[in-house]
Each structure stands twice: as structure tokens, then as C-alpha cells.
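# Close look at the chain arrangement
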Amino acid sequence: GDFDEAGEPMLPEGVSVGDACLAETVQAGERKRLKGVLLSARKTSPHLLVKFVGTERGEPFTSLSAPGLKSSYLTRREVAAWVAPPEGWGGAA
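Note that this is a predicted model, so its numbers are computed, not measured.

## Thoughts on the pattern of salt bridges
- The full count for this structure, using the stated rule, is four salt bridges.
- Note that Lys43 and Glu8 form a salt bridge whose closest N and O atoms lie 3.7 Å from each other. Placement of Lys43 in the loop between β2 (30-41) and β3 (48-55) and of Glu8 in the segment before β1 (20-27) is noted, with a sequence separation of 35 residues between them.
- Between Glu56 and Arg33 there is a salt bridge, with its nearest N and O atoms 3.1 Å apart. Remark: Arg33 occurs in strand β2 and Glu56 occurs in the loop between β3 and β4 (71-74); sequence separation between them is 23 residues.
- On the basis of relative accessibility, which here comes to 32%, the residue Glu56 falls in the partly exposed class.

## Things to note about the packing of aromatic side chains
- Scanning the model with the defined rule gives zero aromatic pairs in all.
- The cationic tip of Arg42 hangs over the ring face of Tyr73; the distance from NZ or CZ to the ring centre is 3.4 Å.

## A word on the nonpolar core
- The biggest cluster of nonpolar side chains holds ten residues, and these are Val15, Cys21, Ala23, Leu34, Leu38, Leu48, Val50, Phe52, Leu74 and Val79.
- Secondary-structure elements contributing two or more residues to this core are β1, β2 and β3.
- Considering each element in turn, this core owes the most residues, three residues, to β3.
- Beyond its immediate chain neighbours, meaning those up to four positions away, Ala23 contacts Lys32, Arg33, Leu34, Val50, Phe52, Leu74 and Glu78.

Reading the values: rules and limits
Residues numbered from 1 in each chain as written. Predicted model: local features only at pLDDT ≥ 70, side-chain atom pairs only at ≥ 80, totals over all residues. Heavy atoms only, no water. Salt bridge = Lys/Arg side-chain N within 4 Å of Asp/Glu carboxyl O. Helix = DSSP H or I, 4+ residues; strand = E, 2+ residues; numbered from the N terminus. Buried < 20%, exposed > 50% of the residue type's maximum accessible area, 1.4 Å probe, protein only. Phe/Tyr/Trp six-rings, centres within 6.5 Å; stacked < 30°, edge-to-face > 60°. Lys NZ or Arg CZ within 6 Å of the ring centre and 35° of its normal. Core = buried A, V, L, I, M, F, W, Y, C linked by side-chain atoms within 4.5 Å. Contact = heavy atoms within 4.5 Å.

Structure (C-alpha cells):
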């Protein structure tokens, strides 16, 4: 289920409120993965409030890469623990 024994929403493995996370969201009709921070969890679905703070690689947003929304409620399946990409990952510099 989506709730623990105390009736609280379950968090993704390795993610606590206040932690950096990898969030999957839809932006301009396209699925995107963004670096986020889990702000809170609520009993109403979707449960997890995530503030978007950077690109999938952890880089700050530019005017082109910034999502339309600064934060969004997401499901547990759309949120994962943040893992910094290896140095040099992701192509052109």
C-alpha cells in the first residue's frame, strides 16, 4: 500500500523530507526527470510535495530548462533518491 502502519504516506526508499531527490514530471507534454527536494508528505494522493531545484544532472535551471511549476505533488513512483551523476557524465560542456 501507499501508507505505513501509522497511516502516514510511505516515502520512496532512501528519501526523507528535506532530502534531495530525482523527480519525474511532465513538462510541455514530455516526461522529464529533475533534481528536487522533498518538502512534505500528505495523506491525499498524490502524496509527495517536491520543489524542483535543478536539471537531472543537478545543474541550476536556465530560463529554457526551468519547469513551468516550481513545485508539484507527485506519487511515490515518480520520486527516487538523488544520486549525483559521475564526473563528466552527460555529454557536452
